[in-house]
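Below are the chains, spelled out letter by letter.
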Amino acid sequence: MRCLAILLLATLSFPAWAGRILSPSRPPVGISGLPWLHEDAPVLRRLPARLKPTFREPVWALAQHTSGGRVRFRTDSTRLVVSGANPDTSTMHHMTTVGQSGLDLYVDGAYRASAWPDKKGTVRGSWLLGSDRRMREVTVYLPLYNGIALGEWELDEGCRVETPSPFALPGPVVYYGSSITQGGCAENPGLSFPAILGRRLNTDFVNLGFSGSGLGEPALADAIAELTPSAIVLDHWANPSPEAYQASLAPFLDILRRRHPKVPVLVTGPFWFPSEDASPDLHNGQDAKRRAAREFVAAQRKAGDRNVHFVDGLGMIGRVQGYGLVDGVHPNSLGFERCADGLEPALRRALRLPNRTGLRPY
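Conventions used here
- Residues numbered from 1 in each chain as written.
- Predicted model: local features only at pLDDT ≥ 70, side-chain atom pairs only at ≥ 80, totals over all residues.
- Heavy atoms only, no water.
- Core = buried A, V, L, I, M, F, W, Y, C linked by side-chain atoms within 4.5 Å.
- Buried < 20%, exposed > 50% of the residue type's maximum accessible area, 1.4 Å probe, protein only.
- Helix = DSSP H or I, 4+ residues; strand = E, 2+ residues; numbered from the N terminus.
- Contact = heavy atoms within 4.5 Å.
- Salt bridge = Lys/Arg side-chain N within 4 Å of Asp/Glu carboxyl O.
- Pairing = 2+ DSSP bridges.
- Expected span 1.5 Å × (residues − 1).
- Axes fitted to C-alpha atoms, helices over the stretch in contact; angles between N-to-C directions.
- Polar contact = N/O pair within 3.5 Å; in protein donor to acceptor, adjacent residues only side chain to side chain.
- Parallel < 35°, antiparallel > 145°, perpendicular 65-115°, else oblique.
- Left-handed = near helix turned anticlockwise from the far one by under 90°.
- Nonpolar A, V, L, I, M, F, W, Y, C, P; charged D, E, K, R; others polar.

Undergrad: Help me get a handle on the nonpolar core, residues and values and all.
TA: Ranked by internal contacts, the top residues of the largest apolar core, which has 71 residues, are Leu47 and Leu347. Looking at this core, the element that brings in the most residues is helix α9 (residues 333-351), giving 8 residues. Among all residues touching leucine 47, those that are not within four sequence positions of it are Trp36, Asp40, Phe55, Val59, Trp60, Ala63, Leu208, Phe210, Leu220 and Ala223. Val82, Leu129, Cys159 and Val161 belong to the second-largest nonpolar core, a separate cluster that totals 27 residues.

Undergrad: Give me the lowdown on the pattern of salt bridges, citing residues and values where you can.
TA: For side chains of opposite charge, pairing can occur when their charged atoms come near one another. Under the definition given, this model contains 24 salt bridges. For arginine 134, the salt bridge is made with aspartate 132, and the minimal N-O distance between the two is 3.7 Å. The partly exposed category is assigned to aspartate 132, whose relative accessible area is 36%. Measuring nitrogen to oxygen at the nearest pair gives 2.7 Å for the salt bridge that ties arginine 200 to glutamate 344. Here glutamate 344 lies in helix α9 and arginine 200 lies in helix α5 (residues 193-201), a separation of 144 residues in the sequence. Of the two residues examined, arginine 200 and glutamate 344, each falls in the buried class.

Undergrad: Run through the pairing of strand β15 (residues 205-209), naming residues and quoting values.
TA: Burial analysis of β15 places 5 of its 5 residues in the buried class, which makes it a mostly covered element. Every second residue of β15 is oriented toward a common face, with Phe205, Asn207 and Gly209 on one face and Val206 and Leu208 on the other, all of them buried. Of the strand pairs in this sheet, strand β14 (residues 173-177) and β15 are connected by 5 bridges, and their pairing is parallel. Counterpart to valine 173 in the pairing with β15 is phenylalanine 205.

Undergrad: Which residues make up helix α8 (residues 280-302), and what values do they have?
TA: If you check α8, its first and last C-alpha atoms are 32 Å apart, about what 23 residues at 1.5 Å a residue would give, namely 33 Å. Along α8, the residues classified as buried are Gly285, Gln286, Lys289, Arg290, Ala292, Ala293, Phe296 and Val297. On its buried face, α8 sits against α7 (242-259), β17 (265-268) and β18 (308-311). Positive phi appears at glycine 304, one or two residues downstream of α8, with a value of about 115 degrees.

Undergrad: Give a detailed account of the sheet that holds strand β16 (residues 231-235), specifying residues and quantitative values.
TA: If you trace the 5 strands from one edge of the open sheet to the other, you get β15-β14-β16-β17-β18, paired in parallel fashion. Since the sheet does not close on itself, it has two edges, and those belong to β15 and β18, each with one partner. When strand polarity is set aside, the average angle formed by the axes of neighbouring strands in this sheet is 15 degrees. Here β16 pairs with β17 via 3 bridges, running parallel.

Undergrad: Account for the environment of proline 264, naming residues and giving values.
TA: Tracing the chain through its elements places proline 264 in the loop between α7 and β17. Taking the C-alpha atoms as reference, proline 264 lies 4.9 Å from alanine 231; in sequence the two are 33 residues apart. Here proline 264 is in contact with Ser230, Ala231, Ile232, Asn307 and Ala350, once residues within four sequence places are set aside.

Undergrad: So, the side chain of histidine 65: which residues are in play, and what are the values?
TA: Residue position: histidine 65 is located in the loop between α2 (57-62) and β5 (70-75). Within the local environment of histidine 65, its side chain forms a polar contact with the backbone oxygen of tyrosine 145, the two atoms lying 3.2 Å apart.

Undergrad: Mind laying out the packing of α7 against α8, listing which residues take part and the relevant values?
TA: Two numbers describe how α7 lies on α8: the axes approach to 9 Å, and their chain directions differ by 20 degrees. Here α7 lies roughly parallel to α8, going by the angle between them. α8 is crossed by α7, and the crossing has right-handed handedness. Contacts between α7 and α8 involve Pro242, Tyr245, Gln246, Leu249, Ala250 and Leu253 on the former and, on the latter, Gly285, Ala288, Lys289, Ala292, Ala293, Phe296 and Gln300. For the contact of α7 with α8, the residue count by class is 9 nonpolar, 3 polar and 1 charged.

Here it is, written out as C-alpha cells:
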C-alpha cells in the first residue's frame, strides 16, 4: 500500500465559505493521539522523523497512517463542514472506504456521521451538530489505514470555539500491536478497540498498531518509553511466530521499565481464530502464545513487578464469537466491541478507574 507523508494543509481547493473558518491544526483545536506532532508538525504521523533510522521500512510506512488521531474541540456552532484530501484512494477487499480512509464525527461522545473520499481523494462532510447554540464536545476521528491532508473547516459565523475538555487521566493509554490493534477491519475510524475504550474510559490513547509488522521490536519499545503513558497495552501476539513472540516479551518490557518502572503494562493473549478448530498446527501455535503471555506475566509478578497484568484474549473473542471476524482473523466492528468488552475490566483495574455502571453512548 502506498504511504505518503501527510501534511496538515492550510489551503486546499474547496469553495469559499461564508461561516467561521477553523484550522484543525491551531489552538484552541487540539489534535490527540499523535504524540510527536509537536516536533514534526505540520506532518501527521504516528512516529517521529527523528527516530526513522531505527525502524524497519514497513513500520515507518505504516506510521504515516493516522490511526488513533483525533481532532477535538468544543463549540456552540450548529454545524461543521470538514474538508480534506486523501493521498491514496485504494481500498482493501475486507475493509470499508470509511474505515480505511474516512472521517468519523462524534458529538458529546456519541456517533453522528462520517465522510469518505471520492474518486479523486477529496473528503468533504457537511454535518449538523445540533439545533441550538450550546457548547458541545466535537471529536473527529482520522483514517485508520491511510493519512489525510486536512483543509480549513467551517462553523457558524460568530460561534465560540474552545479547547476540548480534559481527559480523566493525565497521560494516554498506549497500545502496541499488529493490524488488529491498528483497526483492521473496523468499518469506521472510531471503532477500533482502542477508540472504543478511549470513549468508555474518557482517556486519551495512542495507537501504535502496525499491520503485519507488530513484531515486538526494541525500537518501538524505545519510542513508547519516550511518552508519559497512564498505561501500556502490549497486543502484538498476531504477527510473530510463537518462538519470536515469547522471545520479544522480556526485552520489550525491560526497555519500558527503565523509564516507567510503575506504569501498568497489560499483555494480551491471542483471541480465537475459527480455523483453530480445523488446524491443529494453528491451534497449537496460538495456544503456545497464550501460554507464553500468561507465564511471562506470572514470572514478572512473582519477581516483584505487580504492575504487569495478563489479559486472556479468549475473553475478548472466544470460539462462539467467531462471527465478530471479517475474514477469520481481523475483527469487524462487532468484534472490536467484543475486544473492548474483554479488555475494559482489566484496564479499569490497572488505571484505578471505577467500574462502568449502566450503558453510555460510545
